[in-house]
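# Descriptive analysis of the structure
If you want the building blocks of each chain, they are given just below.
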Protein chains: 2
Amino acid sequence: MPGLDGPHPITSTQATVGNRTAPADRSREAQLLEMGLRRVLVEKVAPAVDCGRHPAKRTVGDRVVVEADLVADGHEKVAGAVLYRPRGEPTWREAPLEPLPNDRWRGAFVPDRIGRWEYTVEAWVDTFATWRDGLHKKADAGQDVHLELLEGAELVHRAAERTSGEDAEALSEVARALSDEEVDAAVRVEVALDAALAARMHHNPDRTDATRHDPPLALVVDPVRARFSAWYELFPRSSGPNGAHGTLADAAELIPYVAEMGFDVLYLPPIHPIGRTHRKGPNNTLGAGPDDVGCPWAIGAAEGGHKAVHPELGTLDDFRRFVRRANEAGLEVAIDIAFQASPDHPWVKEHPEWFRRRPDGTIQYAENPPKKYQDVYPFDFDSKDWRGLWEELLSVFLFWIDQGVRTFRVDNPHTKSLRFWEWCIDRIKSEHPDVVFLSEAFTRPKLMYALAKLGFTQSYTYFTWRTTRHELAEYLAELTRTEAREFFRPNFWPNTPDILPEHLQHGGRGAFLSRLVLASTLSSSWGMYGPAFELMERVPRPGAEEYVDNEKYQLRDWDLEADHSLRHVVARINRIRRDRPALQHTDNVRFHATDNDELICYSKQWEDDLVLVVVNLDPHHRHSGWVELDLRSLGVDPEHPYLLHDLLGDARYVWHGPRNFVELDPHVMPAHVFEVRRRTRTEVDFDYFE
Amino acid sequence: MPGLDGPHPITSTQATVGNRTAPADRSREAQLLEMGLRRVLVEKVAPAVDCGRHPAKRTVGDRVVVEADLVADGHEKVAGAVLYRPRGEPTWREAPLEPLPNDRWRGAFVPDRIGRWEYTVEAWVDTFATWRDGLHKKADAGQDVHLELLEGAELVHRAAERTSGEDAEALSEVARALSDEEVDAAVRVEVALDAALAARMHHNPDRTDATRHDPPLALVVDPVRARFSAWYELFPRSSGPNGAHGTLADAAELIPYVAEMGFDVLYLPPIHPIGRTHRKGPNNTLGAGPDDVGCPWAIGAAEGGHKAVHPELGTLDDFRRFVRRANEAGLEVAIDIAFQASPDHPWVKEHPEWFRRRPDGTIQYAENPPKKYQDVYPFDFDSKDWRGLWEELLSVFLFWIDQGVRTFRVDNPHTKSLRFWEWCIDRIKSEHPDVVFLSEAFTRPKLMYALAKLGFTQSYTYFTWRTTRHELAEYLAELTRTEAREFFRPNFWPNTPDILPEHLQHGGRGAFLSRLVLASTLSSSWGMYGPAFELMERVPRPGAEEYVDNEKYQLRDWDLEADHSLRHVVARINRIRRDRPALQHTDNVRFHATDNDELICYSKQWEDDLVLVVVNLDPHHRHSGWVELDLRSLGVDPEHPYLLHDLLGDARYVWHGPRNFVELDPHVMPAHVFEVRRRTRTEVDFDYFE
């Protein structure tokens, strides 16, 4: 059992209630003595989110790179390994650590199934390598090494005793050879320095006094769709014929339309019965008329709550049929989980203790002073029966999982207890590790990050408001070059039912196209609220950053076949994303200089695949400029021309060297999405050359 | 008892030997449920060296600034405190946390005695502040707030019940006033929003569901001389009359000379009996003659080992007398602890198990292949009796502590077990927290840092070889702008008996002066090996970066009164350091731009004190150029002239605005050390000005 180096200070919690000479100091000394012979320090193991308090996230099949500082005294050579296993497996698997400069070491492993994993680093003094290095130098200097050879023989002999089979035999033989003073020392030096011997000794180390980083670090391994996904949000109730209230059966008819656009996830706003008390009318007005359909986020009515289907949408059977049809078309169905209740929700009567009661006996409605949301009651997470509330909320997820849902978009998770989310998501993922949770939190940065650390698989982001080159590059740097990359998976949305940003209100088709390309190529997960997006719906409710005649409060009749629809561009973008592995990752993005601030240029590489994107951020004017690439980092030979194939417009360009000219007209297409072929053919590639 | 957020992943070590549904998961869930009502996350507490594995270091009376992220769901206001105490004290002391931007909080405390301390952060939801904020907004919006006032009355009433005395009475009265529906609501709102009430509620929070970062973090509080010290290294054996072997009594006669130069620490190379076997002769030659004095680092002879005084230096009584005289002159005596043995050391016979034996029965001497050091045996820290070895080495320190030594310069600590140092220094400092350990390790960066983390108070550095403006600024940034600042206290040495760097060999007086000013003003701790330094000894042993006729191997007769001696400049520099608090810190250094690479410019601020240093790095040529200061950060009014007083040359300059001209001649004095007076007098300061 190796000794354990860990993030705990070896400190004195016991002493806090004792006197100063106390057991704490003895226990601290015992800990220090336990480490007495473990010569290697294992430090700064990465990834380690918040010092290991939270798991890092990866997807199945990813190469998980683990690094650590290994520091030993003197000139000792050290060696080490990454230890890893699925949580609960008794045996560690191992991958070797290789040295980087400055006492940093790196290893990697590939988790082969989803679920929770754990990993750590173990390191030890490599006595044989130290000895071999010394022998090499002494022999080179012509020194007498006969004692060294005997010492080496002893090291090899002990290794032989530690192991068995072929290794043991081979090592025993070497040990004999090294100690055979009949044989010329030069010959024995050659045996000692043999690379095969070094390898065999490396594989049979003495790890009695190894040091292990403890406790192990946690890793959440998700399905690939946690990293790579395209979401389409749709209000099923707008799918009815001739302006009638649509049903899930009607909405199912739209599945091919969504699938043809190349989406992976079809996300439905809440499908539960809608409250009548304080129901909102069109455009968020108070006092709805009898025919107003209400807001789906005012959940719960006589017909049921979070586990019921709104009768006007259909039945639970209809929902299951909808899920099945979507799955058959290659689409996951995501539902919206909004943990709040309309005043008519059955829980209000059944569990009044889950809500906060005011001095006059009424229940506290939602508010953001001085704004009031009287159609919605928040849950009281400080309730005396918080355990009961937690269990019931958990059961909502489990209920829909039973109906075939594996993807949840969670509404405003930041207004619910963070501790609840950590517990709830952990409970669910320990049984259903394939479930994906998208956090719809637009709030303070550290609260958004906290939700991701505590378990959310993907997160909404500030992308929706980031428009300039500087803002985009800075935001992507934050997401992909800081610790956030280990736990926060962005999902970029150009619009949502809540947000019609100003650049879409005023930028016309050019703005829709550029935001579409940016969202879908900057982030490996993106989503749009349709058909508002592809139909370029852009009239705001006066004074608001929100749609007029918003589907949140009323039905809409969309002309999906309209000539101006962007659905074919969307389909092309999603097709490109599926074809290009480089676009299926986010933290591989690199920005490149341009001499025009309105032109943003970035690339993504994944293995051999290289994609280069240039977007004109000005929706009104044609822009041109020079793009400057760091060809070396892109693996492009600066001495040879290279070919760019615009996967959007299908044009091809031959570029040469780092600086090249680009012109983009937002009235045609404000973006290039280039596949880069790193070299063009020359005469030597010609069939009959030579 | 608050809930505990900590660097541990809540993970499943038990599960590692069980099956997958195992107790581990239940225990994990129990941990999560225990946190159920603790709404605030406490994250990224700083300082926390290596996630809290190692203590941060401060000196007594320092303001210890502690920061943390406090993240709560929703719009809840939070509050928090820094908890701190000397290790072993039963009760936490508290300092308030104040908010910074972006959910970061900051508090501070001042440790009032040396020794180990611990600190942590606790945070809770501030229900009253949340309520008060809502009331304010609703009242401003003219809403009916009678229910809010009743709710507030309840909050205040509960606070009154939690406390006693004056607070309880005052709060009870407010609770009654707030709930008195006879009184006009506007009047009650005024009562509710009263700042004094807010303060009283803030001081009586409900911390039932507080979150505490756990385990607490450790802090080593050292005496001020751990941060601010000037060291002088002297071979006492060179102090004899007429070239004879000097004694400690002779060396004591030099104490006034060293004290007059303004040093704090007088450091003596090893004072123990010197081995005879394989003794080195002058200039590191093999085969010493009978009169050769040997190398003090080859420790141990028939006369004794690490606890004995070399007979030619005198007796233990002489040593104690020497220490007393030094102390009387304001000097600490530092001795050199070099854990290695000459072949004649008594331990070689008494404890052969502490050394590594070779196949021919001989003891392994020190080596750095292919170099051999046959006059020195290293200890074998893998010895079967390593515990015995550790205890004996510890007892060496304790022995000299008993003789009055409080400062140790440790020779090559990086070639001894790191675990030993952690244990040894911890043991010593738990009894003698005022002891200072200087690590003499010139080795790989992470190993140097590891020694500091594991306990060394101060450390030698790469300053000795950093000469250009870029190198110096980069190195200081590493030492003062990274985590290193929390645990690594640099001690800058322009020379040592082992190192006569090339710039001193070839740069003449200008180089000695510039290195003197750089070492003593960049770092709050510095040292020099004298009299070689002040006498500008600069002839190397051919081909080496080391002195010819080095005192390590022979006696030297120094002419301390030589005209060319720099001792008066050294005295002036050390006097300036004592007068200027800004120079008594290191991590307050800021570099400023110059338009000449040979001119380096930096400032240090401490409270009101502001020192600006400009050094000409070219020892051969006069250089001039423009210095550009960020006046705002220096607290200098850009609209008014300011006065610079050169504390080295006593000249005064009036500067104006950020850009000013400087010229420095290395043949006169290559540096300015300016005291900056932030404003000059004008007519309004004139006595009779009205």
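Let us look at the structure shown here. (Residues numbered from 1 in each chain as written. Chains lettered and ligands numbered in written order. Predicted model: local features only at pLDDT ≥ 70, side-chain atom pairs only at ≥ 80, totals over all residues. Heavy atoms only, no water.)

### A word on the packing of aromatic side chains
The geometry of two aromatic rings is summed up by the distance between their centres and the angle between their planes. Counted according to the given criterion, the structure contains 96 aromatic pairs over all chains. Here Phe-442 of chain B and Trp-465 of chain B contribute two aromatic rings whose centre-to-centre distance is 5.3 Å and whose plane-to-plane angle is 90 degrees, an arrangement assigned as edge-to-face. Separated by 23 residues along the polypeptide, Phe-442 of chain B in the loop between β20 (436-440) and α13 (445-454) and Trp-465 of chain B in the loop between β21 (458-459) and α14 (469-481) bring together distant segments of the chain. For Trp-465 of chain B, a relative accessible area of 30% gives the class partly exposed. What links up through ring pairs into an aromatic cluster is the set Phe-339, Phe-381, Trp-386, Trp-390, Phe-397, Phe-408, Phe-420, Trp-421, Trp-423, Phe-437 and Phe-456 of chain A. The ring of Phe-463 of chain A carries Arg-515 of chain A above its face, with NZ or CZ at 4.1 Å from the centroid. Between the NZ or CZ atom of Arg-466 of chain B and the centre of the ring of Tyr-475 of chain B, over which it lies, the distance is 4.9 Å. (Phe/Tyr/Trp six-rings, centres within 6.5 Å; stacked < 30°, edge-to-face > 60°. Helix = DSSP H or I, 4+ residues; strand = E, 2+ residues; numbered from the N terminus. Buried < 20%, exposed > 50% of the residue type's maximum accessible area, 1.4 Å probe, protein only. Lys NZ or Arg CZ within 6 Å of the ring centre and 35° of its normal.)

### As for the relation of the copies chain B and chain A
Note on the copies: chain B fits chain A at an RMSD of 0.1 Å, the axial shift is 0.0 Å, and the rotation between them is 180 degrees. Classification of the inter-copy transformation places it as that of a two-fold axis. It is Cys-51 of chain B whose C-alpha, among those of chain B, lies nearest the rotation axis, at 2.9 Å. A shared binding surface is used by both copies, with 100% of the interface residues of chain B retained as interface residues in chain A. (Least-squares fit on C-alpha atoms with pLDDT ≥ 70 in both. Contact = heavy atoms within 4.5 Å.)

### Section: the state of the cysteines
Covalently bonding the sulfur atom of one cysteine to the sulfur atom of another cysteine gives a disulfide. Scanning the model with the defined rule gives one disulfide over all chains in all. In this model, Cys-51 of chain A is linked to Cys-51 of chain B through a disulfide, with the two sulfur atoms separated by 2.1 Å. Measuring handedness by torsion sign, the sulfur bridge of Cys-51 of chain A and Cys-51 of chain B sits at about -85 degrees and is left-handed. Of the two residues, Cys-51 of chain A is situated in the loop between β2 (40-46) and β3 (56-59) and Cys-51 of chain B in the loop between β2 (40-46) and β3 (56-59); the pairing between them involves two chains. On the basis of relative accessible area, Cys-51 of chain B is assigned to the partly exposed category, the value being 27%. (Disulfide = S-S within 2.5 Å.)

### Notes on unusual backbone geometry
Outside of glycine, negative phi angles account for most residues, and trans bonds account for most peptide bonds. Between Asp-214 of chain A and Pro-215 of chain A the backbone carries a cis peptide bond, its omega angle lying at 0 degrees. By secondary structure assignment, the location of Pro-215 of chain A is in the loop between β10 (211-213) and β11 (217-222). Cis geometry marks the peptide bond from Pro-369 of chain B to Pro-370 of chain B, where omega comes out at 0 degrees. Mapped onto the elements, Pro-370 of chain B comes out in the loop between β16 (366-368) and β17 (371-373). Non-glycine residue Asn-242 of chain B carries a positive phi angle of around 55 degrees. Note that Asn-242 of chain B resides in the loop between β12 (229-233) and α7 (248-252). Overall, the relative accessible area of 81% leaves Asn-242 of chain B in the exposed class.

Shape is all these values report; function is a separate question.
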